[in-house]
Number of protein chains: 2
Amino acid sequence: MDIAVAEPAQPRLPPPAPAWSPARPRRLALGLIGPGRVGSALLDQLQRARARLALDAGLELALRGVAASRRMWLDCDDPELNGRHGGAQTWRPADLDAFAAHVRGGEGHALLIDCSAHEAVAARYAGWLAAGLHVVTPNKLAASGPLDRWRAIRRAAAQGGARLRYEATVCAGLPVVQTLRDLVDTGDELLAVEGMFSGTLAWLCNRHDGRQPFSALLREAHALGYTEPDPRADLSGADVARKLVILAREAGWPLSLEDVEVESLVPPALDALPPEDFLQRLDALDAPMAARLAQAREAGGVLRHVARLDRHGRASVRLAVLPVRHAFAHTRLTDNIVQFTTRRYCDNPLTVQGPGAGPEVTAAGVFADLLRIAEALEPAA
Amino acid sequence: MDIAVAEPAQPRLPPPAPAWSPARPRRLALGLIGPGRVGSALLDQLQRARARLALDAGLELALRGVAASRRMWLDCDDPELNGRHGGAQTWRPADLDAFAAHVRGGEGHALLIDCSAHEAVAARYAGWLAAGLHVVTPNKLAASGPLDRWRAIRRAAAQGGARLRYEATVCAGLPVVQTLRDLVDTGDELLAVEGMFSGTLAWLCNRHDGRQPFSALLREAHALGYTEPDPRADLSGADVARKLVILAREAGWPLSLEDVEVESLVPPALDALPPEDFLQRLDALDAPMAARLAQAREAGGVLRHVARLDRHGRASVRLAVLPVRHAFAHTRLTDNIVQFTTRRYCDNPLTVQGPGAGPEVTAAGVFADLLRIAEALEPAA
């Protein structure tokens, strides 16, 4: 799509008052870990933005390497390839420590982008940050992982003067983590978070009106690619619980995954089946889900998959019956939604809503984090 | 309200990986222009956050002066009063240039907060930014004012290495301007903005169901303090048009107020009346508003006050008939709402909703801007 247009005849405005300026160039070396769907979308976005950022903002981005789980590419292999991912490249066996050292290698600032979903990567954040390497990521494993490790990561960032940002861990590109951060940093008090953090479950609840059995909808969602390859990853609520842990910690609550009361939609009998067997047994979900829907209707409400955090740090993820006038009853398709109720936003909550998954919007959330860090870089000498 | 709690027993987490750290203190001198309702709320918020920011984040804020329209207070009058606004202070006749020079006076970084609604202040931004003074403001006059001046302000910021932030000019503390900025900066293309930017008009439209004449609702809103002292300031749509101009420019459109097609709800015959006479003639609004409501109902829709910007940079502010399933039909009380439709957010828009006015949330929006600038300050030598 093209937004170019004939009128008004005046030229488009340049971006407003940047934190940086072409007169004071900043250089940032980048390394991408995990060139999957999100990582590849991010490389495309960076590549398209590169000339503009250099020209308008004096921000010079240099891609110094890409690491996948088994192999990696480093720009020292062929300096001409710098910035061009794809094409003829020399890949080496992956070694995360060597990769980070290479990206950190030059003068100036360096940043690692973790688009993997791997523990082995999250386990290295503290070391990287302590060494002054910035990190941005949509990987939930660090921010929702063991509390001691998370504390160590924060300490390392403070000590190394490097920054970690993870906006895209919750609702992809929607402004959620930073919004909560701003509320807390400006002295507001969080009283409650209520949200729907699974586009898959939102879609299933929206469509589940009793005309089709739940299993038919689940098969349709699976075929559309709305679910994980094994839909139990969505139905278990575990991914939603991770997002709630991230928000709880952002608000200061030392929560761990096991503190979240999670209602799984997977019947216990199907928990341990191999994926292909599970997909043959989806109709076991129909009776319990039909019963929940009937209960909701009896109560005059709708059934939604809701994550909640209260002002005492209590967290839950479950199917809930909501009044038909509730905002969550009116979301569309796979929309995510989050509502922050605070001391300042107490009559009506602050609400953010929209598509909360997908490679492009997730990559954009990571990209915005990268730009936020770049704003605070000291110019090259 | 108090969010302190007995369990979980672990201590609250400190704020996450800050951009700054206690080991590298940053000092920021502040000057507040306009100690009205928003300015006073901000001084309270700053005062409460000051010790925490110094301790946790190494950010040392020093209030060096407060300027009202006729008088000002400077901390040099009594160093002991630094940081304490209120109480026995020496006020001098206000002189904005002397005020800015005083705030800029020391070593280190300085920032002016414009919580006035005055042209005379907005007219000085370019000079201040060129001199390296940062500016944060909820004052719409610069960002929606003459285009040449706005361009000069942006240039001055780029040249002076200083930053101007104005998140609270649109929907107060809701994350709107920065969200649009992030979309554009990461290479997304804005296709449409649709919003309700007036809490007053949202409340009036929500309540206007035909059971009461429009003038009765308007009198109630006036009595509740939801309207400006002269409600024509709300009904004219001019304030909403300013917000739309700010968003349009953020997306690169060189729009001016006169480019916005604005439908005023004030009958032409009442335009020029003195305020007290206007308040006696509110029933002149009843017939036209009843007719609009009837039209909307005939079409099976609801009546809402909507600001729109399309992908060609065309902007309008008017009463619109929306389908009952439209998101704007379900807002509550005086909620503001904004929807960004972009190349990436095209099936469903990115939506931000919540209270978009009031001293506390507006001040918090300004405070968050201040913190965003503070993140990027170089530490004191």
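Everything quoted here is computed from the prediction, not taken from an experiment. (Residues numbered from 1 in each chain as written. Chains lettered and ligands numbered in written order. Predicted model: local features only at pLDDT ≥ 70, side-chain atom pairs only at ≥ 80, totals over all residues. Heavy atoms only, no water.)

1. With respect to the pairing of strand 3 (residues 71–74) of chain A
All names here are of chain A. How we decide: At least two bridges found by DSSP between two strands are what make those strands a pair. In this description a helix means any DSSP run of H or I spanning at least four residues, a strand means any run of E spanning at least two, and both kinds are numbered starting from the N terminus.
The pairing of strand 2 (residues 59–67) with strand 3 spans three bridges and is antiparallel. Paired with Val-66 across the bridge in strand 3 is Trp-73. Linkage of strand 2 to strand 3, two consecutive antiparallel strands, is achieved through a turn of three residues. In the sheet, strand 3 pairs with strand 4 (residues 91–93) via three bridges, with the strands oriented antiparallel. Bridge pairing in strand 4 links Arg-71 to Pro-93.

2. A word on the nonpolar core
Spelled out, the test is: The term nonpolar core refers to a set of buried residues drawn from Ala, Val, Leu, Ile, Met, Phe, Trp, Tyr and Cys, joined through side-chain atoms within 4.5 Å. The classification of residues rests on relative accessible area computed with a 1.4 Å probe and restricted to protein chains. Under 20% of the type maximum is buried, over 50% is exposed, and intermediate values are partly exposed. The contact criterion used throughout is that any non-hydrogen atoms of two residues lie within 4.5 Å.
Ranked by size, the top nonpolar core spans 120 residues in total, and within it Tyr-125 and Trp-128 of chain A together with Tyr-125 and Trp-128 of chain B carry the most contacts. Not counting the four nearest positions on each side in its chain, Tyr-125 of chain B is found in contact with Asp-114, Val-135, Thr-137, Asn-139, Ala-142, Ile-153 and Leu-164 of chain B. Counting 28 residues, the second-largest nonpolar core is a separate cluster that includes Leu-32, Leu-63, Val-66 and Ala-363 of chain A.

3. Considering the pattern of salt bridges
The condition is simple: Definition used for salt bridges: Asp or Glu carboxyl oxygen within 4 Å of a side-chain nitrogen of Lys or Arg.
One pass over the full model with this rule turns up 42 salt bridges over all chains. As a salt-bridge pair, Arg-165 of chain B and Asp-369 of chain B come within 3.0 Å of each other at their nearest N and O atoms. Placement of the pair is Arg-165 of chain B in strand 7 (residues 164–165) and Asp-369 of chain B in helix 14 (residues 359–375), with a sequence separation of 204 residues. Note on Arg-165 of chain B: relative accessible area 9%, which makes it buried. Residue class for Asp-369 of chain B comes out buried when judged on its relative accessible area of 2%. A network of salt bridges, in which partner residues are shared, links Lys-140, Asp-239 and Lys-243 of chain A.

4. What to know about the UniProt feature "active site" (unreviewed entry) in chain A
Defined as follows: UniProt positions are given in the numbering used here, feature names are shortened, and annotations may be inferred rather than shown by experiment.
Under the UniProt annotation, "active site" (unreviewed entry) lies at Lys-243 of chain A. Residues in contact with Lys-243 of chain A, not counting those within four places in the same chain, are Lys-140, Thr-169, Val-170 and Phe-197 of chain A.

5. A word on the layout of surface pockets
Sizing a probe to match a water molecule and rolling it over the atoms shows the empty space that remains. All names here are of chain A. Rule in force here: Buriedness for pockets is judged along seven lines, at least five of which must meet protein on both sides within 12 Å for an open set on the 1 Å grid over protein atoms alone, while cavities are sets there where a 1.4 Å probe fits but cannot get out, and lining residues have an atom within 4 Å of a point. Grid points are joined across faces, edges and corners, and a volume is the space filled by probe spheres set on the points. Following the grouping adopted for this structure description, the nonpolar residues are Ala, Val, Leu, Ile, Met, Phe, Trp, Tyr, Cys and Pro, the charged ones are Asp, Glu, Lys and Arg, and the polar ones are all others, Gly among them.
For the second largest pocket, the calculated volume is near 1,500 Å³. Around the second largest pocket, the lining is made up of 46 residues, and of these Arg-37, Glu-228, Ala-357, Gly-358 and Thr-362 lie nearest the centre. Counting only elements with at least two residues in the lining of the second largest pocket, the list comes to helix 1 (37–57), helix 7 (199–207), helix 9 (232–235), helix 10 (238–250), strand 12 (335–342) and helix 13 (359–375). Here the residues of the lining of the second largest pocket sort into 19 nonpolar, 16 polar and 11 charged.

6. Some points on empty space enclosed by the protein
Counted according to the given criterion, the structure contains four cavities of 30 Å³ or more. Approximately 450 Å³ is the volume attributed to the largest cavity. Taken together, 35 residues form the lining of the largest cavity, with Pro-175, Gln-178 and Thr-179 of chain A together with Pro-175 and Gln-178 of chain B sitting closest to its centre. Of all the elements in the fold, those that place two or more residues in the lining of the largest cavity are helix 6 (177–185) and helix 13 of chain A together with helix 7 (177–185) and helix 14 of chain B. Across the lining of the largest cavity, the residue classes tally to 14 nonpolar, 10 polar and 11 charged.

7. Focus: the sheet that holds strand 8 (residues 190–196) of chain A
As a reminder, the rule being used: Each axis is a line fitted through C-alpha atoms, and for a helix only the stretch in contact is used; angles between axes span 0 to 180 degrees, taken between their N-to-C directions.
If you walk across this open sheet you meet the 12 strands as 9(A)-11(A)-10(A)-8(A)-12(A)-13(A)-13(B)-12(B)-8(B)-10(B)-11(B)-9(B), and the pairing is mixed. What marks the edges here is a single partner per strand, and that holds for strand 9 (261–262) of chain A together with strand 9 (260–262) of chain B. Sheet topology note: the strand 8 of chain A/strand 12 of chain A ladder contains six bridges and is antiparallel. Considered in strand 12 of chain A, the bridge of Leu-190 of chain A is made with Thr-342 of chain A. Against the sheet, helix 6 of chain A engages strand 8, strand 12 and strand 13 (350–355) of chain A, with an angle of about 5° to strand 12 of chain A. Strand contacts of helix 11 (residues 238–250) of chain B: strand 8 (190–196), strand 9, strand 10 (301–310), strand 11 (315–323) and strand 12 (335–342) of chain B, with the helix running at about 40° to strand 10 of chain B, the strand carrying the most contacts.

8. Section: the environment of Pro-25 of chain A
Residue and element names in this part refer to chain A. In this structure, Pro-25 sits in the segment before strand 1 (26–33). A relative accessible area of 21% places Pro-25 in the partly exposed class. Separated by 354 residues in the primary sequence, Pro-25 and Pro-379 have C-alpha atoms spaced 5.7 Å apart.

9. Concerning the side chain of Arg-372 of chain B
By the secondary structure assignment, Arg-372 of chain B is in helix 14. In contact with Arg-372 of chain B, other than residues within four places in its own chain, are Gln-178, Asp-182, Arg-372 and Glu-375 of chain A together with Arg-163, Arg-165 and Gln-178 of chain B.

10. A few points about the confidence of the model for chain A
Residue and element names in this part refer to chain A. Selection criterion: pLDDT: the predictor's confidence for each residue, scored from 0 to 100.
Predicted confidence across chain A gives a mean pLDDT of 90, with 90% of residues reaching 70 or more. When pLDDT is averaged over each element of chain A, strand 9 comes out on top at 98 and strand 4 at the bottom at 83. Contacts for the low-pLDDT stretch residues 1–9, under 50 throughout, to residues beyond four places or in other chains number 19 contacts.

11. A short note on the pairing of strand 8 of chain B
Taken residue by residue, a regular strand's side chains alternate between the two faces of the sheet. All names here are of chain B. Strand 8 sits mainly inside the fold: six of its seven residues count as buried. Sheet topology note: the strand 8/strand 10 ladder contains four bridges and is antiparallel. For Val-193, the partnering residue across the bridge sits in strand 10 and is Leu-309.

12. Quick look at unusual backbone geometry
Residue and element names in this part refer to chain A. One non-glycine residue, Ala-172, adopts positive backbone phi at about 55°. Among the secondary structure elements, Ala-172 is positioned in the loop between strand 7 (164–165) and helix 6. For Ala-172, a relative accessible area of 2% puts it in the buried group.

13. Overview of the packing of helix 8 (residues 199–207) of chain B against helix 9 (residues 214–223) of chain B
Residue and element names in this part refer to chain B. As a reminder, the rule being used: Oblique is the label for every angle not falling under 35 degrees (roughly parallel), over 145 degrees (roughly antiparallel), or within 65 to 115 degrees (roughly perpendicular). Working rule for handedness: look at the near helix, and if it is turned counterclockwise from the far one by less than a right angle, call the crossing left-handed; if clockwise, right-handed.
Where helix 8 contacts helix 9, the axes come no closer than 10 Å and their chain directions differ by 140°. As far as their axial angle goes, helix 9 and helix 8 are oblique. At the point where helix 8 passes helix 9, the crossing takes the right-handed sense. Between helix 8, through Trp-203, Leu-204 and Arg-207, and helix 9, the contact on the second element is made entirely by Phe-214, Leu-217, Leu-218, Glu-220 and Ala-221. The residue makeup of the contact of helix 8 with helix 9, split by class, is six nonpolar, no polar and two charged.

14. Notes on helix 8 (residues 214–223) of chain A
All names here are of chain A. What counts here: It is the directions from the helix axis to the C-beta atoms that the arc portrays.
Of all the positions in helix 8, only Phe-214, Ser-215, Leu-217, Leu-218 and Ala-221 are classed as buried. For helix 8, the angular spread of the buried residues around the axis is 155°, confining them to a single face. On its buried side, helix 8 packs onto helix 7, helix 9 and helix 12 (286–298).

15. As for the sheet that holds strand 5 (residues 109–114) of chain A
All names here are of chain A. Spatially, 4-3-2-1-5-6-7 is the arrangement adopted by the seven strands of the open sheet, whose pairing is mixed. Each having just a single partner strand, strand 4 and strand 7 make up the two edges of the open sheet. Against the sheet, helix 2 (residues 96–104) makes contact with strand 1, strand 2, strand 3 and strand 5, and its axis sits at roughly 165° relative to strand 1, the strand it touches most.

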